[in-house]
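Here are the chains, one letter per residue:
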Amino acid sequence: MDEFRNFIYDIVDEDLRKNPDLKIHTRFPPEPNGYLHLGSAKAIMINYDVAKKYGGVFNLRYDDTNPTREDTEYVDSIYKDICWLIGEEPSGGVFYGSDYFDLCFEYAVKLIKDGKAYVCDLSKEDVIEYKGTDRAEASRVSPYRDRTVEENLDLFYRMKNGEFPEGSHTLRAKIDPSNPNTYLRDPIIYRIKYAHHHRQGDKWCIYPMYDFAHPIQDATEGITHSLCSLEFENHRPLYEWVVDNIGIEKKPKQREFARINVTYTTVSKRYLRQLVEQKIVDGWDDPRLPTLFALRRRGFTPSSIMSFVRSAGVSKSNNLVDIRMLEACLRDELNENAPRRVCILHPVKVVIDNLPEGYEETFELPNHPQHPEMGTRKVKFTRELYIDEDDFALDPPPKFFRMKKDGEVRLMGAYIVKCSEIVQNGDGSVKELHCTADLESGNGNPVDGRKIKGTIHWLSANDALDTTVKLYDRLFTLEDLSQAETDENGNALYFNYLNPESLITVEHAKIEPSLGTAQVGDRFQFVRTGYFCKDSKYENTFNRIVSLKDSFKC
RNA sequence: UGCGGCAUCGCCAAGCGGUAAGGCAACGGACUCUGACUCCGUCAUUACCUAGGUUCGAAUCCUAGUGCCGCAGCCA
């Protein structure tokens, strides 16, 4: 784990040096307004790993302070995704920011009583206008800033009791209208919203703002390190102001890191939602999406995603991490674990001429060439076989070590064969290939010791099963989506960069019989092809998680 | 514009005044019944955004620039 150290650990180490009794406590606080994705995975990893490394505790807390944006659909998916990702339940438990609404209210009352908050009657437009367009100048002071404690208390309770319409009043922290950091210019900490809350129902018509609620949530749960992304760095002084002024003894510390960007994709919830709603993709679990839901369906392992975000590192600089790093993490893992199987994507029939009709022989193939303990399975060898069309060439390029006219090639785990005749269809495509097997090479090695350069995979035509295989590629053609063109309103035109070949469906691929019992979610290496996972959504379908590396260049 | 942040190999990223880790990618080669895996090698030397300065010594300290990102919701 030390190989993944970063500046956050330095901060925690220093805090521990000053206070050896500190019990490290972190949290991941998603707003339940969308599905978790690779960016979330990074935030989860950082908070989870810090807690883990120091023997601390890690909470999941839904940041659900804005009822108009949130939904239980997301609450459920987030819980499922995070448990899947880290392989356990959050050690500290699951919490809801909205469960602290009473507490937030009490703290707000305390601030009022301390003369540190006031009810403001300025409209939304006026608030903006008072702040001014030139932020170098101080804000105009709200005319309601000097209301008495009694008046503020009365008004705030009446806000709570639903006596005022939305937008008519806010509660503001009395901090500093001329502070260069505009977050400190008497920020609004409570607003009126007549909205049904997914968890609190209609109990409230006033809701605390993030900047007020979040530090209270952290402090209440005993969070020691509130690790979030860089865009909250400007909020830190306000976070600290709240912590200092609500009068809590154990003060959490907020620190920020850069969020992750990944090539050829976006984790913008807004655009993800558009892709789903406009049915450009097949739901939130479309295997081309960067959501954890989708990555899971595609077949990525949670550990490969964790090692991806760990190896991408944690810093404060803008970054664009190569998606191939994620693929490398997956290959690393599955190369070790995934049983090998045969799948012929584009079958071409091969007839072994020197074998009689009805001939049948059984070969035992290892499930993993480097791990004999993973066992073997039996496959049938018959007169008629399938090979992949890519493994034959009518007009072979140089160094084509596969099947070609008059060339010898090894059928993996079986005989060495020589192609003697090519039967073509009317359009010139290959109908079938006729071969002669060297029947003495049954273990794959020629008796005379001659070298056979190529080995290809094959299946008996007698018992091969039909399946559908889905080959996925990047959803977008633009490497850095932050460079996408924008329209006049500044909206990125991601849809101009959709990759038309992001999904290729192969019908009637052939798989070996042992794959007939594969369970949803099972992962295999289809030999010489890639890593595949049995799909959870469609029957008899395999998703390509990632291809094998291929250094063959014609 | 104001405030905040960041700038080290194609992409991430270590480095915390003592002479540029590692990963991904790429490129050679060995091995191979997966053109996979594995292994070996190459891959920052008027070098660490630029220009000055301090120092015996600077990616690391100072000064002045430049570039990029974020924020400027009664969103989180």
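Keep in mind it's a predicted model, so treat the numbers as computed, not measured. Residues take numbers from 1 onward in each chain, read along the sequence in its written order. The lettering of chains begins at A and the numbering of ligands begins at 1, in the order of writing. The predicted origin of the model limits local features to residues at a pLDDT of at least 70 and limits the giving and counting of side-chain atom pairs to 80 or more, whereas totals for whole chains, interfaces and linings rest on all residues. Derived side-chain values reflect all non-hydrogen atoms in the structure, with water molecules and hydrogen atoms excluded from consideration.

J.: How should the sheet that holds strand β20 (residues 459-460) be read in this particular structure?
T.: Hydrogen bonds between backbone groups are what pair the strands of a sheet, and the pairing can be parallel or antiparallel. One open sheet holds the 7 strands; their spatial order is β19-β16-β17-β18-β12-β15-β20, and the pairing between them is mixed. Among the strands making up the open sheet, the edge pair consists of β19 (455-456) and β20. Here 2 bridges tie strand β16 (residues 408-411) to β19, and the two strands are oriented parallel to one another. Opposite Leu411, over in β19, you have Ile456 as the bridge partner. Here, any two strands with at least 2 DSSP bridges between them count as paired. Strands here mean DSSP runs of E at least two residues long; helices mean DSSP runs of H or I at least four residues long; both are numbered from the N terminus.

J.: Quick question: what am I supposed to make of helix α7 (residues 210-221) here?
T.: An α-helix turns once every 3.6 residues. As a result, residues three or four positions apart point the same way. When the terminal C-alpha atoms of α7 are compared, their 16 Å separation across 12 residues agrees well with the 16 Å that a helix rising 1.5 Å per residue should span. Classification of residues uses two cut-offs on accessible area relative to the type maximum, computed with a 1.4 Å probe and protein chains only: under 20% is buried, over 50% is exposed, and between them is partly exposed. Most of α7 sits inside the fold, with 10 of its 12 residues counted as buried. All of the buried residues in α7 are Asp211, Phe212, Ala213, His214, Pro215, Ile216, Gln217, Asp218, Ala219 and Glu221. Positioned one or two residues after α7, Gly222 has a phi angle of 75°, which is positive. Helix span, as expected, comes to 1.5 Å for every residue beyond the first.

J.: Would you take a moment to explain the protein's contact with RNA strand B for this structure?
T.: In these notes, residues near a molecule or strand are those with any non-hydrogen atom within 4 Å of it. RNA strand B sits among 65 residues. The nearest are Arg135, Ala312, Arg340, Asn443 and Gly444. Near the protein, within 4 Å, the atoms of RNA strand B are sugar or phosphate in 67% of cases. Separating a base nitrogen of RNA strand B from a side-chain N or O atom of His235 is a distance of 3.1 Å. With 4 residues, the top contributor of residues to the surface near RNA strand B is helix α12 (residues 323-337). Only Asp, Glu, Lys and Arg are considered charged, only Ala, Val, Leu, Ile, Met, Phe, Trp, Tyr, Cys and Pro nonpolar, and every remaining residue, Gly among them, polar. Its residues assigned to classes, the surface near RNA strand B shows 22 nonpolar, 20 polar and 23 charged. Two N or O atoms count as a polar contact when they lie within 3.5 Å, although within protein this holds only if one can serve as hydrogen donor and the other as acceptor, and sequence-adjacent residues are included solely when both atoms are side-chain atoms.

J.: Would you explain the side chain of Arg61 in this entry?
T.: As for its placement among the helices and strands, Arg61 is situated in strand β2 (residues 57-62). Polar contacts involving the side chain of Arg61 include one to the side chain of Gln217, which spans 3.0 Å.

J.: Help me out: how do you make sense of the pattern of salt bridges in this one?
T.: Note that side chains of opposite charge can pair when their charged atoms are close. The working definition used for a salt bridge is a side-chain nitrogen of Lys or Arg within 4 Å of a carboxyl oxygen of Asp or Glu. Enumeration according to the criterion identifies 41 salt bridges in this entry. Between Arg69 and Glu31 there is a salt bridge; the shortest N-O distance is 2.5 Å. Note that Arg69 is positioned in the loop between β2 and α3 (72-86) and Glu31 in the loop between β1 (25-28) and α2 (38-53), a separation of 38 residues in sequence. Arg69 sits in the partly exposed class, given a relative accessible area of 46%. You can call Glu31 buried: its relative accessible area is 19%. Among the salt bridges present, the one from Asp448 reaches Arg450, with a minimum N-O distance of 3.1 Å.

J.: It is not clear to me how the domain arrangement of chain A should be interpreted in this structure. Could you clarify?
T.: Interface extent is often summarised as the accessible area lost during association of the parts. Each domain of chain A was delimited in the assignment, giving domain 1 (2-257), domain 2 (262-339 + 467-547) and domain 3 (343-457). Here the C-alpha centre of domain 3 lies 64 Å away from the C-alpha centre of domain 1. Domains are outlined according to an automatic or database domain assignment.

J.: Can you help me understand the sheet that holds β2 in this one?
T.: The 3 strands are arranged β1-β2-β3 in an open sheet whose pairing can be described as parallel. Two strands bound the open sheet, and with one partner strand each, they are β1 and β3 (93-96). Ignoring strand direction, the axes of neighbouring strands in this sheet form an average angle of 35°. Where β2 meets β3, 4 bridges bridge the pair, whose relative direction is parallel. The partner of Arg61 across the bridge, within β3, is Phe95. The axes used here are C-alpha line fits, helices contributing only the stretch in contact, and every angle between their N-to-C directions lies in the interval 0 to 180 degrees.

J.: Would you explain unusual backbone geometry in this entry?
T.: Glycine aside, residues mostly have negative phi angles, and peptide bonds mostly take the trans form. We note that Asp406 has phi near 65°; this positive angle belongs to a residue other than glycine. Counting through the fold element by element, Asp406 comes out in the loop between β15 (384-388) and β16.

J.: Looking at this structure, I do not really get the side chain of Arg340. What am I missing?
T.: Relative to the helices and strands, Arg340 resides in strand β10 (residues 340-341). Engagement of the side chain of Arg340 in a polar contact is seen with the backbone oxygen of Asn335, the distance being 2.7 Å. Among the polar contacts listed, one links the side chain of Arg340 to the backbone oxygen of Ala338, at a separation of 3.0 Å. Beyond its immediate sequence surroundings of up to four residues, Arg340 is in contact with Leu334, Asn335, Asn367, His368, Pro369, Arg377, Gln525, Val527 and Tyr531. Contacts between residues were defined by any pair of non-hydrogen atoms, one from each residue, lying within 4.5 Å.

J.: How should the packing of aromatic side chains be read in this particular structure?
T.: Within a pair of aromatic rings, the relevant descriptors are the distance that separates the centres and the angle that separates the planes. In this analysis, rings of Phe, Tyr and Trp, with Trp reduced to its six-membered ring, are considered paired at centre separations within 6.5 Å, and the interplanar angle assigns stacked below 30 degrees, edge-to-face beyond 60, and tilted for intermediate values. Summed over all chains, the structure comprises 24 aromatic pairs. Geometrically, the ring pair formed by Phe105 and Phe156 is stacked, given 4.9 Å between the ring centres and 15° between the ring planes. With Phe105 in helix α4 (residues 101-113) and Phe156 in helix α6 (residues 149-160), the pair connects residues that are 51 residues apart, well separated along the chain. Here Phe105 falls in the buried class, since its relative accessible area comes to 6%. One aromatic cluster is present, built from ring pairs that chain together Phe101, Phe105, Phe156, Tyr157, Tyr190, Trp204, Tyr207 and Phe212. In our convention, an over-ring charge means Lys NZ or Arg CZ found within 6 Å of a ring centre and within 35 degrees of that ring's normal. In this structure, Arg199 packs its charged tip against the face of Tyr96, placed 3.5 Å from the ring centre. Lys453 extends its terminal NZ or CZ atom over the ring of Phe401, reaching a point 5.3 Å from the ring centre.

J.: For this particular structure, what's the right way to read the environment of Leu103?
T.: Checked against the element boundaries, Leu103 lands in helix α4. For Leu103, a relative accessible area of 23% translates into the label partly exposed. Between the alpha carbons of Leu103 and Gln217 there is a distance of 9.2 Å; along the sequence they are 114 residues apart. In this view, Leu103 contacts Ile216 and Thr220; residues no more than four positions away in its chain are not counted.

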